[in-house]
Amino acid sequence: MARTVDFYYDWVVSRLVSKQTGALGLFPHSRYSHVRDNVICAVTLWAMSKALKSRQDGSGRLFEMEQLAIKTMRGILFCYTKQLNKLENFKNNQDPDQALHVLFDPHTGDAVDVKWNHMQMHTVSLYLFYLSQMIRSGLNIIYTIEECNVVQNLIYYIERSYRVKDFGTWGLGTRNDSTQPELSATSIGLAKTALKVCNNLNLFGPKSCTETALFVDPDAVFRNESILKGLSPRESLSKNVDAALLLIEGFPAFAIHNQATRAAIKKNIDDELLGKFGYQRFPNDQSELGEMKNEEKEGDNEGLIRYEWPFLVLFQLISAIFDGEEEMQNFTKYQDILENSLYESDGFPTLPRAVKIFSDEQVAEKDLQAIPSIQALLILFYLLRNRHIHPTDLDFRINDKKFKKEKSTDCDSALIPLL
């Protein structure tokens, strides 16, 4: 799907900018706003600014996209700042009740009081990872010393991910009990990656002073790396295979450097979870995402076998572009699955939120909600696929010799030096 940068700009405005809240720049999903969804949307806004920059756009749209990305990242920081009491308490006692909330009111930034397993360590790590990437690219996101202190405390929050049991990427706990947390490879892998890229990062960028540089405990990096190696290629003790592993096997974290382990993760996920329209999140996936599961009408799921989630295929496709494997057979297979799921809405390609597969196996029902974060991921893929941006625009580590060595040799973890 070869399109001009102007088309992608209009696509971003239609699918993202029009959904962004005015005060905080957050993106609603149902009634609430999830940290992970907002980070993905911010990354696509940032990527769009890179695409405009590559064509030397002088219309003001480049500045607009940068500011919209900054607005979202600062909106998330504002939500975290309103929970400083939880942040302090959690450092002393890793009680799930003291974990930072992942759901917020998109208009006020207040943590919402709904039945939800909020202890999802990967959300904070994902935020810190892209905060670092954006600041290194030249965006001014952090304005005050007080905000620097909040970010430093978020670093402390994720440093012990290797020993903090959480509810996993989907907030569903162990395989057999959604109320019980456990160590998750995805949370540990994203924490390790975030800690590496944040070490020595100066939050004020070139306008820096010693008080604004982040400190990361080297032992925390090593311990997260060690536990991750012990868990991989499993997601956890109760989950042999889980699509969440895509986030650390490849894009965005690329936290696993052993190629045999990466191959094993991909094979397990493809063999057990891949369907006609996308991946299940885990075997026999019959659960809705989060709060949405409480809103379904009785009888809607009669005869349901599983959910398939087309957006998960995008992680494989984007990872293949980062790895330079666009000509591989698997890339074509994933792209065919993606295109089999797409439909057009308002003149733009749109990816359904999920596809329900019923007992006949021939009967599929697409959930046609145009969720901002899912559309953001779709736009990001096509920006990369059509060479409007390059992977180095989104991840400074690609040009880092130490990171290349880790990927090729699976050497022991070490902190990436400040570039």
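Please refer to the structure higher up on the page.
Residues numbered from 1 in each chain as written. Predicted model: local features only at pLDDT ≥ 70, side-chain atom pairs only at ≥ 80, totals over all residues. Heavy atoms only, no water.

**What to know about the nonpolar core**
Counting 132 residues, the largest nonpolar core has Y127, L128, L131, I142 and L380 as the members making the most contacts within it. The element contributing the most residues to this core is helix α2 (residues 35-54), with twelve residues. Aside from chain neighbours lying at most four places away, what touches I142 is R74, L77, L131, I135, E147, C148, V151, L203 and F204. The next biggest cluster of nonpolar side chains, apart from the first, holds five residues, and it includes Y32, V102, V112 and W116. (Core = buried A, V, L, I, M, F, W, Y, C linked by side-chain atoms within 4.5 Å. Buried < 20%, exposed > 50% of the residue type's maximum accessible area, 1.4 Å probe, protein only. Helix = DSSP H or I, 4+ residues; strand = E, 2+ residues; numbered from the N terminus. Contact = heavy atoms within 4.5 Å.)

**Comments concerning the pairing of strand β3 (residues 304-308)**
When you tally the buried positions in β3, you get four out of five residues, the bulk of the element. Sheet topology places β3 next to strand β6 (residues 354-358); four bridges connect them, and they run antiparallel. Bridged to Y307 within β6 is K356. (Pairing = 2+ DSSP bridges.)

**Concerning the layout of surface pockets**
Its volume calculated, the largest pocket comes out at about 310 Å³. Here the residues of the lining of the largest pocket sort into seven nonpolar, nine polar and six charged. (1 Å grid on protein atoms, 1.4 Å probe; cavity = no way out; pocket = protein on both sides within 12 Å on 5 of 7 lines; lining within 4 Å. Points joined across faces, edges and corners; volume = space filled by probe spheres on them. Nonpolar A, V, L, I, M, F, W, Y, C, P; charged D, E, K, R; others polar.)

**A few points about the packing of aromatic side chains**
This model, assessed by the stated rule, comprises 17 aromatic pairs. Where F331 meets F381, the ring centres are 6.4 Å apart and the plane angle is 45°; that geometry is what we call tilted. Residue F331 is found in helix α12 (residues 329-341), and its partner F381 is found in helix α13 (residues 372-385); the two are separated by 50 residues along the sequence. When sorted by exposure, F331 lands in the same class as F381, which is buried. (Phe/Tyr/Trp six-rings, centres within 6.5 Å; stacked < 30°, edge-to-face > 60°.)

**A closer look at the side chain of T21**
Tracing the chain through its elements places T21 in the loop between α1 (5-15) and β1 (33-34). A residue is classified by how much of its surface remains accessible, and T21, at 5% relative accessible area, is buried. Other than its neighbours up to four places away in sequence, T21 contacts L26, P28, K71, P106 and H107.

**Let's talk about the sheet that holds β3**
Overall, antiparallel pairing links the three strands, which are arranged β3-β6-β7 in an open sheet. This sheet does not close on itself; its edge strands, each paired only once, are β3 and β7 (364-367). When the angles between neighbouring strand axes are averaged without regard to direction, this sheet yields 20°. (Axes fitted to C-alpha atoms, helices over the stretch in contact; angles between N-to-C directions.)

**Describing the pattern of salt bridges**
Throughout the structure, instances matching the rule amount to 19 salt bridges. Among the salt bridges present, the one from E182 reaches K239, with a minimum N-O distance of 3.9 Å. Remark: K239 occurs in the loop between α8 (218-231) and α9 (246-249) and E182 occurs in the loop between α6 (145-159) and α7 (185-198); sequence separation between them is 57 residues. A salt bridge links E308 to R306; its shortest N-O distance comes to 2.9 Å. Classification of E308 by relative accessible area gives buried; the value is 0%. (Salt bridge = Lys/Arg side-chain N within 4 Å of Asp/Glu carboxyl O.)

**Details of α1**
Those residues of α1 not exposed but buried are V5, F7, Y8, Y9, W11, V12 and R15. Each element contacted by the buried residues of α1 is listed here: α2, α3 (61-81), β4 (343-345), β5 (348-350) and α13.

**Quick word on the environment of A111**
Tracing the sequence through the fold places A111 in the loop between β2 (103-104) and α5 (121-136). Under the relative-accessibility criterion, A111 is labelled partly exposed at 38%. In this structure the C-alpha to C-alpha distance between A111 and S33, which are 78 residues apart in sequence, comes to 9.6 Å.

**Brief notes about α8**
The terminal C-alpha atoms of α8, which comprises 14 residues, lie 20 Å apart, in line with the 20 Å expected from a rise of 1.5 Å per residue. The complete set of buried residues in α8 reads A220, V221, N224, E225, L228 and L231. One face of α8 carries all of its buried residues, which in axial projection span an arc of 130°. Looking at the buried residues of α8, the elements they touch are α6, α7 and α9. Between the side-chain oxygen at the start of α8 and the backbone nitrogen of D219 there is a gap of 3.1 Å, and the oxygen is on D217. (Expected span 1.5 Å × (residues − 1). Arc of directions from axis to C-beta. Polar contact = N/O pair within 3.5 Å; in protein donor to acceptor, adjacent residues only side chain to side chain.)

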